Amino acid sequence: MLFQQLVNGLTIGTTYALVAVGFSMVYSVLELANFANGAFYVFAPYIVVLLYVSMGWGFIPAFLIAVIATGVLGAFMDRFILTNIRGRKAPISSSMVATLGVSTVIMNGLIAIFGSDTKAVPNAFPVGKVYIGSVIITGNQLIIIVLSVVIMAVLSIIVYRTKRGSAMRAIAQNTVAAQMMGVHVNRVITVTFFIGSVSAAIAGTMVAMYYGSVDTTLYTTVSVKTFASAILGGIGSIPGAMLGGVIIGMLETIVAGYVSSAYKDMISFVIIIIFLIFRPTGLLGHKKINKV
Amino acid sequence: MSNEVILRAKQVTQRFGGLCAVHNADLEVRKHEIVGIIGPNGAGKSTLFNNITGMYKPTEGQIYFHDMDITGKTPYEITKLGMARTFQNIRLFPTMTVLENVMLGVHSKTKANLLDVIFKTKRAKKEEEETLKKAEEILKLTGLYEARYNYATSLPYGYQRHLEFSRALASSPELLLFDEPAAGMNERETKELSDFIFKLRDMGYSILLIEHDMKLVMSICDRIYVLDHGEVIANGEPEEVRNNPDVIEAYLGKEE
Amino acid sequence: MKRLLHVWAKHEKYVNVVLFAAAVVYPLIFTRQYLINVGILCLVYVLLSLSLNVLTGYMGITGLGWAGFFGIGAYTAAILSTKAGWNFILTFLAAMAVTGMFGLLIGMPTRKLSGRYVAIVTMAFCEICRALETNMDWLTRGSRGIPNIPRLELFGMKFNKQAQYYLILFLVLLAVIVMGRIVNSRIGRGVLAVKDDDIAASAMGVNPFSYKVMIFGVAASLAGLAGAFYAHYIGFIDPSNFTFDQSTIIISMTIMGGLGNPMGSVLGAVTLTVLPEILRPLMDVRQIVYGVMLIIMMIVRPQGILGGFNLKHIRQQDSVHKEVRNE
C-alpha cells in the first residue's frame, strides 16, 4: 500500500518537478513569479484535445504542435509584453501582474472556445502494467516518470553545460555584468521563457492523459504547487526544483492516502511554511551572506 | 582630554567559515578622541566595525560601551545606546527626502507607538515637532538645509556623504563611527571634512573612523590602530605608527 | 500630465474633499440598486487594496494570498453573528482582532525570510485557510457555506442599500486617515526605511523585524474589516469567495493603482471592479478583454497609475522653488 502510494506520488511529483524546473529557471533569471506558467500547463492539453480528438490527427504530431505552440506563446509573452515592462525599469511585481493578465486571457480564451466543462483526454498509450510484488506501475506512469526525468536531464545539460546555459546563469547572478560581457540578455531570457513554457506544456499534457481529463480549474492548483515546489527546492537550483516537486507530489499522495484527501493540499502547505521558517534558502539553495 | 574609555573591544575574533577576518583585536576609544583604523584592503577593518556596531556577532571576544557588555546586541539596540555609523558604500533611503532621512536618524530617541500615531496623541505631536526641529538644525549645520526636500539619492555624491553624517548625528550619539568618510572626495572636500570632524570633536563627540587617505588620518587622529590580516599590528599616536617598522613593512612600505 | 500632478499636489486637500463629496453624492444620484451594489463592491475592494498597499507598497512585501485574510475576517463575522448573535460593531472589531493576530503570526517568519519567501508564506497561508474553511465542517459548514448572515442593523433598524454604502465609505475613510497618520509619523518613516534598506535602517535604530510584524498585523486587520463588512453585506459566504484567484485580483488592483499611494489603491480597485461590470454585455469575452486591458496598462505604466508619486514631496519641492523665485 505504502509503496503503491509512493509510486503514485512519484508520478505526479515528477510532473510538478518538470513544471517547477521551468518556473525556477525564469524565477532565477528575473526574480519573476510567472503565473502564466500554470496557464501554459492547461493550454497545451486543450490543443492536444483539439488536434488529436476533434481533428483526428495522430497523437505524436498533435502533442508536438501543442508543445511547440505553447513554447512560442511563452516566448511571445516575454518578447512583446515583459521585455517592454523590463525596459522601463519597473518593479518586477508589475511583470507579475502582466503574467496574471496573460493567464486570464489564456484561461478565459480556452473557456470561450472549448466551454467550461471538463474535456476527456483519451490515453494515447494504452500499454500494459508492470507488477513489482504487489505494486502496480501502469505504462502511463512509467512514461511520465521516464519522460520527465529525461527532459529534466536535458534541461540540466542545457543550463549547466552549454553556452546558452552559462549565459542564463550569468544573468541570474548579475544582469548588468552579463550584459557587459556581451550576453544578449533579452534574447536569453526569451529562450528561458520558451523552455519554461515547453516543460509546462509537456507536464500538463501528460497529467491530462494520466487523469483522462482536463479542465480550466487546474490552473490555480498547478500555479500554487509549482511555485511551492520551486521554493521548497531552493530557487534557481534545477536539482532543487526537481526534488521540491517530487517531495510535494509524494507528500500529498501520502496525506491523501493515510490522513484525508480533504487535507492533502493543506498539509503540504503547512509543511512548506514550517520548512521555510527553519531552512529559508530551500533544500538545495545557497545562503547569501549579507555584506555590509 | 579625559581618560574615560567609552568603547572597548577585547580580543575580538570574527570567523566566516574557515576564513578568519578579525583575530584577537583589542581597541579602545576614549571620550573626545578621534581614533583611526587603517590597514590594507581586506585587513578586516570593516568587519571589526561591523562587530562593534552589531551587524555581525563576533565569534569570540567582547565589546563594551562604557561599562556595558554590548557583544551580540543588535544594531538598533546599539544605536539606541549612543553609537551611530556611516557606511563605506553610502546607504541612504532613496524613496525618502533629505529631511526624512535625517528625521529617521532621530528614530531611536523617540517613543511614539502605533496607538499614539493613530490617535495623534499630544506626545506624538510634540515628538514629531521636536524631531523636525532637530533635523532642520542638523541640516543647517551640515549645509544641506536648502536641499531638504530633494530625494536623498538625487544629491551629488559628496553631499550624499554629508547626508550620511547628518543622519548619524540625528541619533544624538556619543560615539560616531565613519567608514571611509573621505572616499571619493577631492582635496578641497577632504580638507572641509577634516575641519568638520574637528568641529564635531569640539562639540563633544568621540569619533572612530576607517580611512585610506593617509594624509587625513595622520593629520586628524589622536591615535591610530593598524590592522593587517585581521590582527592589530600596531597602535599609538600618528608619529609612532608612522615609524613602526612592522607597519612600514605590512602597509606603508608597499604604498611608497 | 506633469503640470496636472503639481496642481493636484498643491490642492490635494480640495481634491480629496471633492472626491469624497462625489462618493457621498453617488448613491443619491444613482439610486438603482445595481449601481449602489457596484459602488459597495468598489469600496470593499478599495479597503482590501488599501490594506494590501500598507504591506506591499509601504513595507515592500508582496502579499500573494491576501484573500486569506479577507476570508478570516468574513468567517469570523459570519460565525459570531450567526452562532453567538453578536451585532455588527462587535463582529467588526472581533474580525479585525482575529485577522490582526493571524497577520502578526504570518509576519513572524520575516525574522529570517526575505521578501520573496514571505510572499510564498502568504500564498500558502491563503490555501491553508481555504482548506480549513472547506473542511472544518462543524465551524464553517464546509463548502455549503454560511447562509443567512444577519444584515447590518443598529438598534433594530435595518440598513438599506444607501446606509450600507455609507458604512463602507466611512470605513474606507477611516482606513485612509489611519494610513495617512501612520505614514507621516516616526513609524511610517521607520517602515519606509526598512523597505528601502533594512540594514541601514537597523543601523539607525529601527528594529526591522518588529516593524514588519506590526505592519503585517495592521494590514491584515484592515483586510479582516473588509471581510467582516462583506459577510454582513452579502449575507452568504463560502470558501469559493476566498480563493487564490481572489488574491490575484486584489494584488492586481494594488499594483496597477500604484504602490505606496492610497489614491492609487482607490483608483486601481475602482477601475478593476467597474471594468468587468462595463464589459458585462460582452459575456464570454469579457474576462479576455479584462486580461488584455490589464496587460496593456502594465506595459503603458508598469509602476502603476499613481506609482512613484508622492504628493507631499512634490508640494514641498514646489514650495522651495517658489521661495527661490520670490527672492
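Up top is the structure.
Calculation notes
Residues numbered from 1 in each chain as written. Chains lettered and ligands numbered in written order. Predicted model: local features only at pLDDT ≥ 70, side-chain atom pairs only at ≥ 80, totals over all residues. Heavy atoms only, no water. Helix = DSSP H or I, 4+ residues; strand = E, 2+ residues; numbered from the N terminus. Rg over C-alpha atoms; globule rule 2.2 N^0.38 Å. Contact = heavy atoms within 4.5 Å. Areas by Shrake-Rupley, 256 points an atom, 1.4 Å probe, with all protein chains shown as cover. Lys, Arg positive; Asp, Glu negative; His and termini not counted. Charge placed at Lys NZ, Arg CZ, Asp CG, Glu CD. Salt bridge = Lys/Arg side-chain N within 4 Å of Asp/Glu carboxyl O. Buried < 20%, exposed > 50% of the residue type's maximum accessible area, 1.4 Å probe, protein only. Phe/Tyr/Trp six-rings, centres within 6.5 Å; stacked < 30°, edge-to-face > 60°. Expected span 1.5 Å × (residues − 1). Buried area = accessible area lost by both parts, 1.4 Å probe. Polar contact = N/O pair within 3.5 Å; in protein donor to acceptor, adjacent residues only side chain to side chain. Pairing = 2+ DSSP bridges. Axes fitted to C-alpha atoms, helices over the stretch in contact; angles between N-to-C directions. Core = buried A, V, L, I, M, F, W, Y, C linked by side-chain atoms within 4.5 Å. Patch = residues over 30% accessible without salt bridge, like charges linked within 9 Å, V, L, I, M, F, W, Y side chains within 5 Å. Parallel < 35°, antiparallel > 145°, perpendicular 65-115°, else oblique. Left-handed = near helix turned anticlockwise from the far one by under 90°. Nonpolar A, V, L, I, M, F, W, Y, C, P; charged D, E, K, R; others polar. 1 Å grid on protein atoms, 1.4 Å probe; cavity = no way out; pocket = protein on both sides within 12 Å on 5 of 7 lines; lining within 4 Å. Points joined across faces, edges and corners; volume = space filled by probe spheres on them.

Asker: Please explain the overall build of chain C as it appears in this structure.
Answerer: Across its full length, chain C carries 15 helices and 2 strands. Computed over its C-alpha atoms, the radius of gyration of chain C comes to 20 Å, within 12% of the 20 Å expected for a compact globule of 327 residues. In terms of overall dimensions, chain C has a C-alpha envelope of 70 × 50 × 45 Å along the principal axes. Here the analysis covers contacts within chain C between residues at least 6 apart in sequence; of these, 79% occur between residues at least 24 apart. Split by element, the accessible area of chain C, about 13400 Å² in all, is 67% carbon and sulfur. Considering chain C, the positive charge centre built from 27 side chains and the negative charge centre built from 15 side chains are found 4 Å apart.

Asker: Would you take a moment to explain the pattern of salt bridges for this structure?
Answerer: Any two side chains of opposite charge can pair if their charged atoms end up close together. For the coordinates displayed, the defined rule picks out 26 salt bridges over all chains. Ionic pairing is found between R189(C) and E128(B), a salt bridge with its closest N-O pair at 2.9 Å. Of this pair, R189(C) sits in helix 9 (residues 186-196) while E128(B) sits in helix 5 (residues 122-142), on two different chains. Look at R189(C) and you get buried, because its relative accessible area is 8%. The exposure class of E128(B) is partly exposed, given its relative accessible area of 23%. With its nearest N and O atoms 2.8 Å apart, the salt bridge here joins K158(C) to E153(C).

Asker: I tried to follow the packing of aromatic side chains on my own but got confused; where do I start?
Answerer: Both the distance between ring centres and the angle between the ring planes are used here to describe each pair of aromatic rings. Residues and elements named next belong to chain C. Following the criterion strictly, the structure yields 25 aromatic pairs over all chains and no others. Aromatic pair Y26 and F30: ring centres 5.2 Å apart, planes at 40°, arrangement tilted. The class for Y26 is partly exposed, based on a relative accessible area of 21%. With a relative accessible area of 40%, F30 lands in the partly exposed category.

Asker: Got a minute to help me understand helix 8 (residues 185-211) of chain A in this structure?
Answerer: Three or four residues apart is the spacing at which side chains of an α-helix point the same way, because the helix has 3.6 residues per turn. All names here are of chain A. Compared with an ideal rise of 1.5 Å per residue, which puts 27 residues at 39 Å, helix 8 spans 39 Å between its outermost C-alpha atoms and is within 8% of the ideal. Of all 27 residues making up helix 8, 21 are buried, and the element is well covered by its neighbours. Trailing helix 8 by a residue or two, G212 shows a phi angle of about 80°, which is positive.

Asker: Hey, could you run me through the interface of chain A and chain C in this one?
Answerer: Quite often, the size of an interface is put as the accessible area lost when its parts meet. Every contact between the two is made by 41 residues of chain A and, on the other side, 39 residues of chain C. For the pair chain A and chain C, the summed buried area comes to about 3600 Å², and 78% of that belongs to carbon and sulfur atoms. Taken together, the links from chain A to chain C amount to 0 salt bridges. At the junction of chain A with chain C, the criterion picks out 3 residue pairs in polar contact (both at pLDDT 80 or more). Every element with two or more residues in the side of chain A that touches chain C is listed here: helix 3 (59-87), helix 4 (92-114), helix 9 (218-233) and helix 11 (264-278) of chain A. With 13 residues, the single largest contributor to the side of chain A that touches chain C is helix 4 of chain A.

Asker: I tried to follow helix 9 of chain C on my own but got confused; where do I start?
Answerer: Residues and elements named next belong to chain C. Burial analysis of helix 9 places 10 of its 11 residues in the buried class, the great majority of the element. Among all positions in helix 9, only R186, I187, G188, R189, G190, V191, L192, A193, V194 and D196 are buried. N-cap assignment for helix 9: the residue whose side-chain oxygen lies 3.1 Å from the backbone N of I187 is S185.

Asker: It is not clear to me how the sheet that holds strand 4 (residues 60-65) of chain B should be interpreted in this structure. Could you clarify?
Answerer: Sheets are built from strands that pair by backbone hydrogen bonding, the pairs being arranged parallel or antiparallel. Residues and elements named next belong to chain B. The antiparallel open sheet is built from 4 strands, whose spatial order is 2-1-4-5. Looking along the sheet, the strands with just one partner apiece sit at the ends: strand 2 (19-30) and strand 5 (68-69). In this sheet, strand 5 lies alongside strand 4 in antiparallel orientation, the contact comprising 2 bridges. Paired with F65 across the strands is M68, a residue of strand 5. Sheet strands in contact with helix 1 (residues 45-52) are strand 1 (5-16), strand 2 and strand 4, and its direction is about 65° off that of strand 2.

Asker: Can you help me understand the sheet that holds strand 3 (residues 34-38) of chain B in this one?
Answerer: Residue and element names in this part refer to chain B. With mixed pairing, the 6 strands of this open sheet are ordered in space as 6-7-8-3-9-10. Because the sheet does not close on itself, it has two edges, and the strands there are strand 6 (83-85) and strand 10 (231-236). The mean inter-strand angle of the sheet, taken between neighbouring strand axes irrespective of direction, is 15°. Note: strand 6 against strand 7 (residues 175-179), 3 bridges, orientation parallel. By the bridge assignment for strand 7, A84 is matched with L176. With respect to the sheet, helix 6 (residues 157-170) is in contact with strand 6 and strand 7, its orientation differing from that of strand 7 by roughly 155°. Lying on the sheet, helix 7 (residues 187-202) is in contact with strand 3, strand 7 and strand 8 (206-210); it crosses strand 8 at an angle near 150°.

Asker: Even after reading the chapter, I still don't get the nonpolar core, so can you show me in this structure?
Answerer: Soluble, globular proteins show a tendency: their nonpolar side chains are buried together. Ranked by internal contacts, the top residues of the largest apolar core, which has 201 residues, are F35(A), F227(A), F92(C), I168(C), F229(C) and I237(C). Ranked by residue count, the leading element in this core is helix 11 (residues 208-234) of chain C, at 15 residues. I34(B), L99(B), V106(B) and C221(B) belong to the second-largest nonpolar core, a separate cluster that totals 47 residues.

Asker: Just to check I follow, could you spell out a nonpolar patch on the surface for this structure?
Answerer: Residue and element names in this part refer to chain A. On the surface, a nonpolar cluster with roughly 810 Å² of combined accessible area is contributed by I60, L64, I68, V72, F76, F80, F125, V127 and F194. The greatest single-element share of the nonpolar patch, amounting to 6 residues, is contributed by helix 3. Here L64 is to be found in helix 3. With relative accessibility at 46%, the residue L64 sits in the partly exposed group.

Asker: Can you walk me through the packing of helix 5 of chain B against helix 6 of chain B in this structure?
Answerer: Between two packed helices, what matters for the description is the angle formed by their axes and the separation of those axes. Residues and elements named next belong to chain B. Interhelical geometry of helix 5 versus helix 6 gives an angle of 140° and a closest axis separation of 10 Å. Comparing the axis directions of helix 5 and helix 6 gives the class oblique. You can see that helix 5 and helix 6 cross each other, and the crossing is right-handed. Note on element contacts: helix 6 touches helix 5 through H162, S166, L169 and A170, opposite K134, I138, L139, L141 and T142. Among the residues making up the contact of helix 5 with helix 6, the classes are represented as 5 nonpolar, 3 polar and 1 charged.

Asker: Explain empty space enclosed by the protein to me, please; I cannot follow it from the model alone.
Answerer: One simple way to see leftover space: roll a probe sized like a water molecule over the atoms. Enumeration according to the criterion identifies 2 cavities of 30 Å³ or more in this entry. Contributing elements (two or more residues each) for the lining of the largest cavity: helix 3 (33-58), helix 8 (161-183), helix 9 and helix 11 of chain C. Volume-wise, the second largest cavity comes out at about 40 Å³. Lining the second largest cavity, in full, are T53(B), P75(B), I78(B), T79(B), M83(B), A84(B), R85(B) and A203(C). Contributing elements (two or more residues each) for the lining of the second largest cavity: helix 2 (75-81) and strand 6 of chain B.

Asker: Would you take a moment to explain the packing of helix 1 (residues 2-30) of chain A against helix 5 (residues 139-161) of chain A for this structure?
Answerer: Residues and elements named next belong to chain A. Helix 5 packs onto helix 1 with a crossing angle of 25° between their chain directions and a minimal axis gap of 9 Å. On the basis of their axis angle, the class for helix 1 and helix 5 is roughly parallel. Of the two possible hands of crossing, helix 1 and helix 5 adopt the one that is left-handed. Facing helix 1, whose interface residues are V7, N8, L10, T11, T14, T15, A17, L18, V21 and M25, helix 5 presents Q141, I144, I145, S148, I151, M152, L155 and V159. For the contact of helix 1 with helix 5, a count of residues per class yields 12 nonpolar, 6 polar and no charged.

Asker: What is the right way to read the environment of P302(C) from this model?
Answerer: Within the fold, P302(C) resides in the loop between helix 14 (286-300) and helix 15 (311-326). Sequence separation between P302(C) and I255(C) is 47 residues; the distance between their C-alpha atoms is 8.6 Å. Non-local contacts of P302(C), meaning those with residues more than four positions away in its chain, are made with I85(A), R88(A), A90(A), S94(A) and M297(C).

The quantities given are spatial measurements derived from coordinates; they are silent on function.
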